[in-house]
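Summary of structural features
For reference, the chains in residue letters:
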Amino acid sequence: MTPTCSPRSSGVGIFLFRGICFLFIPFAIDSIPGMAQDSLVHILSKEVVITATRSSTSRVDAPVATRVLTKEEMRPFSSLAELLSGTVGLDLRDYGANSGAKLLSIRGSTGEQVIVMINGVRLNNAATGVADLSLLSMSQVQRIEVTRGGASALYGSDGVGGVINIITTNEMGGRGLHVQTGGMWSTFEQRSGSIGASLNGDRQSVQVYYEKLLQPDSSYRVNSKEFGDGIRRVNTRTRSDHLSFLADRQWDHAGLQAFAQYTSRASDVPGTIFNNSSALARARQDDKTFIVSPALEIRPNRQLVLSIVPSYTYGNIKYEDPSQPLEENRRSTTAVHEFRSQIQSRIGDANSSMLTVGADVAEDHVSGTFLPTKSSGSAGFFALGQLRHRWNGNFVQVLNLYPSLRADGYSGRYIVSPRMGASVVNTGRSYLISLRASAGKNFRAPTLNERYWQGDGASGNPRIKAERSSSFDVGVLYTRSNWFADVTWFYIHTKDQIVWVPGAISPGVWSPSNLARTSSSGIELTLEHRGASVRTNLDFTYNKALDHSGEGHANRLRYAPLYKVKITNAYSVSRAIFMQETTYTSERWSDVANTVYLDRYWLTNLTAKVALPVAKGVVDLMAGVKNIFNSKYETISQYPGLAREYFVGFSFNYSP
């Protein structure tokens, strides 16, 4: 059993020593041969982000901390969960290999307090409130924007911790037909294959992509502190199919993009390590998701842009657990239909001042075994400004102000979310510095499960209120030549946070209630150096996430690490890249009373990749080792992580 005691000393000296050693490990992680010789001042000044302000804005002008993950940075990873888990400010809650749910936390938030989008379309399930990253594929993903901090003034409900926007574009190649195929195998018998094709013209493109993943039962090992090394998990069989479609057509003053995605995943659900030692752990879940979203953009001139984005999202969950004693509890289904429409108009451009106004409406329909057939509607209206002023001063060259205001209504209730952001930018010949600050109000509306659930021993609460929060952050971004630094201080205070407790409505029945009051405060730091062939990157997060609900002393929030460090390096030579990634996660409490903790752990992954030109295409060969030191670790209690894993893969891009 995990010992019931306080965490051991953090060992700052050992931590610093090991960190410095890894910083100078010879096969460091970089990615972009050729670009490494460019000045980061030039790169950052040209980098454009969308999520931070709902319009195209230079990253250095943005009022909130934003991280952009490019296609090159994604290549060593086999899943979005792996890619995002080590990003500064983010933490992954992993319920077991490929078949377990994977939820993101930003700055100590819950999974329901993080908005996950694809091309601006929400993926958070209206019933559960979360977006499970294990249901998402990396196919067609070209970049991911991670905006940390409150975002309800821009996106409404759930924008407490931050926003993840997964952006897909057609970049398989230039004009003509392009074909891409690939595959991957691992020592845990996981295997995947994909094939895609695109047809591109001067102003139009069409792309189709299909990916399949298979993992048989009892196919991976874990290292458990309670049961030893090499424990083979049971009930891990997974089969998923992912099909996506993207079409784009551009005219002089308009553009039309159509995006559709279908995912079907049938998987066994691995229980805790204790249940997995018995024959009862045979739960199974089938997920089906479908998204379709056409987007129309009208540009009558450079100063005016109108965009209209309707979308339809369908999610179906079938769950079966033969170990349940009652027949009526062994099987359940939940179906959610969401219709959403967004309209937005932007006046002005990023080089002067802009005003963005718009509205979005949503209609959710839910039905299921433990959910009565219900419909729920919501609407939001927003106005976002960017006021830009230029000076010729020695320090302040550009001042940006970002006032934002949004009003949301749901189920007869209304919430107003204001935010004010600002940034000050100074650019010299060899350096760039940007100071930013923002403060705002945020909220999370109750999910349909929290309002209407009707199950054995549990009941929803139709009168449950929305969670409310206030967020503040201040940061500085600095780059000189090929050095880059970004540091942010943040504070989030949340009241009326929803928790399920027994007896809130009926004796002995679990129901949601607005009982929790939490806070998160800390520092996020990113350091990076790019040389001609070597790149080194350090992400450091300190987050003191506290639960103030009890009387007297505040306890740490469950599963929220105090420290998290990620060191990535790459060394490129000729057509090969050698990569190393090391992540340190500190102890985390696994219970509300702070009596049981999960051990701190280090994870190190090594990857090598080589690109080989062939007749009319390029073959990328990749091989690597995950968890090379065979560390024992858990992100969720009794769900141990993978033991050492070897993998090989390839991709082939062909242009006939």
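Residues numbered from 1 in each chain as written. Predicted model: local features only at pLDDT ≥ 70, side-chain atom pairs only at ≥ 80, totals over all residues. Heavy atoms only, no water.

**Thoughts on the overall build of the protein chain**
Broken down by element type, the protein chain carries six helices and 40 strands. Taking 2.2 N^0.38 as the reference for a compact globule, 656 residues should give roughly 26 Å; the C-alpha atoms of the protein chain span a radius of gyration of 24 Å, in line with that estimate. Expressed along its principal axes, the backbone C-alpha trace of the protein chain runs to roughly 70 × 55 × 55 Å. Counting every position in the protein chain, which comprises 656 residues, the buried fraction comes to 54%. Sequence-distant contacts, at least 24 apart, represent 63% of the contacts inside the protein chain between residues at least 6 apart. When the accessible surface of the protein chain is summed, it comes to about 27700 Å², and 60% of that surface belongs to carbon and sulfur atoms. One finds the centroid of the 68 positive side-chain charges in the protein chain at a distance of 3 Å from the centroid of its 55 negative side-chain charges. (Helix = DSSP H or I, 4+ residues; strand = E, 2+ residues; numbered from the N terminus. Rg over C-alpha atoms; globule rule 2.2 N^0.38 Å. Buried < 20%, exposed > 50% of the residue type's maximum accessible area, 1.4 Å probe, protein only. Contact = heavy atoms within 4.5 Å. Areas by Shrake-Rupley, 256 points an atom, 1.4 Å probe, with all protein chains shown as cover. Lys, Arg positive; Asp, Glu negative; His and termini not counted. Charge placed at Lys NZ, Arg CZ, Asp CG, Glu CD.)

**Considerations on the pairing of strand β14 (residues 228-232)**
Taken together, the three bridges between strand β13 (residues 221-224) and β14 define a ladder with antiparallel strand orientation. Counted as the bridge partner of arginine 221 is arginine 232 from β14. In this antiparallel pair of consecutive strands, β13 and β14, the connection spans three residues. (Pairing = 2+ DSSP bridges.)

**Here we look at the sheet that holds strand β9 (residues 162-168)**
Spatial ordering of the open sheet is given by β3-β8-β9-β6-β7, a layout of five strands whose pairing is mixed. On the outer flanks of this sheet lie β3 (66-70) and β7 (121-122), each paired with one strand and no other. In terms of strand pairing, strand β8 (residues 141-148) meets β9 through seven bridges, oriented antiparallel. Looking at β9, one finds that isoleucine 144 is bridged to isoleucine 166.

**Here's the deal with the nonpolar core**
Leu83, Leu84, Ile144, Ile164 and Ile166 are the most contacted members of the largest nonpolar core, which has 28 residues in total. Counting residues per element, the ones that place at least two in this core are α4 (80-85), β4 (90-94), β5 (102-106), β6 (114-118), β8 and β9. It is α4 that provides the largest number of residues to this core, a total of four residues. Those residues in contact with leucine 83 that lie beyond four places of it in its chain are Leu69, Glu73, Met74, Phe77, Met138, Ile144 and Lys566. Within the second largest apolar cluster, nine residues are counted, among which are Met117, Ala151, Ala153 and Leu154. (Core = buried A, V, L, I, M, F, W, Y, C linked by side-chain atoms within 4.5 Å.)

**Let's talk about the pattern of salt bridges**
Any two side chains of opposite charge can pair, given that their charged atoms come close. Under the definition given, this model contains 32 salt bridges. A salt bridge links glutamate 524 to arginine 148; the nearest nitrogen and oxygen atoms lie 2.7 Å apart. Here the residue glutamate 524 occupies a position in strand β29 (residues 510-530), and arginine 148 occupies one in strand β8, the gap between them amounting to 376 residues. Of the two residues, glutamate 524 and arginine 148, neither departs from the other in class, the shared state being buried. Note that arginine 284 is salt-bridged to aspartate 268, the shortest N-O span being 2.8 Å. Highlighted residues: arginine 284 in strand β17 (residues 284-301) and aspartate 268 in strand β16 (residues 254-268), separated in sequence by 16 residues. Since its relative accessible area comes to 3%, aspartate 268 is described here as buried. Three or more residues are tied together by salt bridges with common partners; here these are Arg237, Asp268, Arg284 and Asp286. (Salt bridge = Lys/Arg side-chain N within 4 Å of Asp/Glu carboxyl O.)

**What about a nonpolar patch on the surface?**
On the surface, a cluster of nonpolar side chains totalling about 560 Å² of accessible area is made up of Ile195, Val206, Val208, Tyr210, Leu243, Phe245 and Tyr262. Where the nonpolar patch is concerned, the elements lending two or more residues are β12 (204-215) and β15 (238-250). Sorting elements by how many residues they give to the nonpolar patch places β12 first, with three residues. Its place among the elements puts valine 208 in strand β12. For valine 208, a relative accessible area of 38% puts it in the partly exposed group. (Patch = residues over 30% accessible without salt bridge, like charges linked within 9 Å, V, L, I, M, F, W, Y side chains within 5 Å.)

**Digging into unusual backbone geometry**
Backbone geometry at aspartate 496 places phi at a positive 60°, although glycine is not the residue there. Inspection of the secondary structure assignment puts aspartate 496 in strand β28 (residues 483-502). Looking at aspartate 496, the relative accessible area reads 21%, which means it is partly exposed. Unlike most non-glycine residues, tyrosine 559 shows phi in positive territory, near 65°. Tracing the backbone shows tyrosine 559 in the loop between β31 (555-556) and β32 (563-573). Take tyrosine 559: its relative accessible area is 9%, and that puts it in the buried class.

**As for the packing of aromatic side chains**
Taken as a whole and assessed by the stated rule, the structure comprises twelve aromatic pairs. Seen in terms of ring centroids, tryptophan 589 and tyrosine 597 are 6.1 Å apart; in terms of plane orientation they differ by 85°. Their pairing is edge-to-face. Residue classification places tryptophan 589 among the buried residues on the basis of a relative accessible area of 8%. Exposure remark for tyrosine 597: the relative accessible area of 3% places this residue in the buried category. An aromatic cluster is defined as three or more aromatic residues linked by ring pairs; in this entry it consists of Phe290, Tyr312 and Phe339. Over the ring of phenylalanine 647 we find lysine 626, and its NZ or CZ is 5.3 Å from the ring centre. (Phe/Tyr/Trp six-rings, centres within 6.5 Å; stacked < 30°, edge-to-face > 60°. Lys NZ or Arg CZ within 6 Å of the ring centre and 35° of its normal.)

**Brief notes about the environment of phenylalanine 339**
Structurally, phenylalanine 339 is set in strand β19 (residues 331-348). Phenylalanine 339 gets classed as partly exposed once you look at its relative accessible area, which sits at 43%. Expressed as a C-alpha distance, the spacing of phenylalanine 339 and serine 549, which sit 210 residues apart in the sequence, is 36 Å. Other than its neighbours up to four places away in sequence, phenylalanine 339 contacts Ser311, Tyr312, Val361, Ala362, Glu363 and His365.

**Thoughts on the confidence of the model for the protein chain**
For the protein chain, per-residue confidence averages 86 on the pLDDT scale, and 91% of positions sit at 70 or higher. No element of the protein chain has a lower mean pLDDT than helix α1 (residues 12-23), which averages 42, and none a higher one than helix α5 (residues 152-155), which averages 96. A low-confidence stretch, residues 1-6 stays under pLDDT 50, and its non-local contacts, those more than four residues away or across chains, total 17 contacts. Note that residues 8-37 has pLDDT below 50 and, in this model, 78 contacts with residues that lie over four places away or in other chains. (pLDDT = per-residue confidence, 0-100.)

**Observations concerning the side chain of asparagine 124**
Within the element layout of this structure, asparagine 124 appears in the loop between β7 and β8. A polar contact is formed between the side chain of asparagine 124 and the backbone oxygen of glycine 129, at a distance of 3.2 Å. (Polar contact = N/O pair within 3.5 Å; in protein donor to acceptor, adjacent residues only side chain to side chain.)

**Some points on the side chain of serine 186**
When you line up the elements, serine 186 lands in strand β10 (residues 176-186). Contacts of serine 186, omitting those with residues within four sequence positions, involve Glu645, Tyr646 and Phe647.

**So, the environment of valine 305**
Position of valine 305 relative to the elements: it lies in strand β18 (residues 304-320). Overall, valine 305 belongs to the buried group, its relative accessible area being 12%. Residues valine 305 and tryptophan 453, spaced 148 residues apart in sequence, show a C-alpha to C-alpha distance of 42 Å. Excluding residues that lie within four positions of it along the chain, valine 305 makes contacts with Glu297, Ile298, Arg299, Gln344, Ser345 and Arg346.

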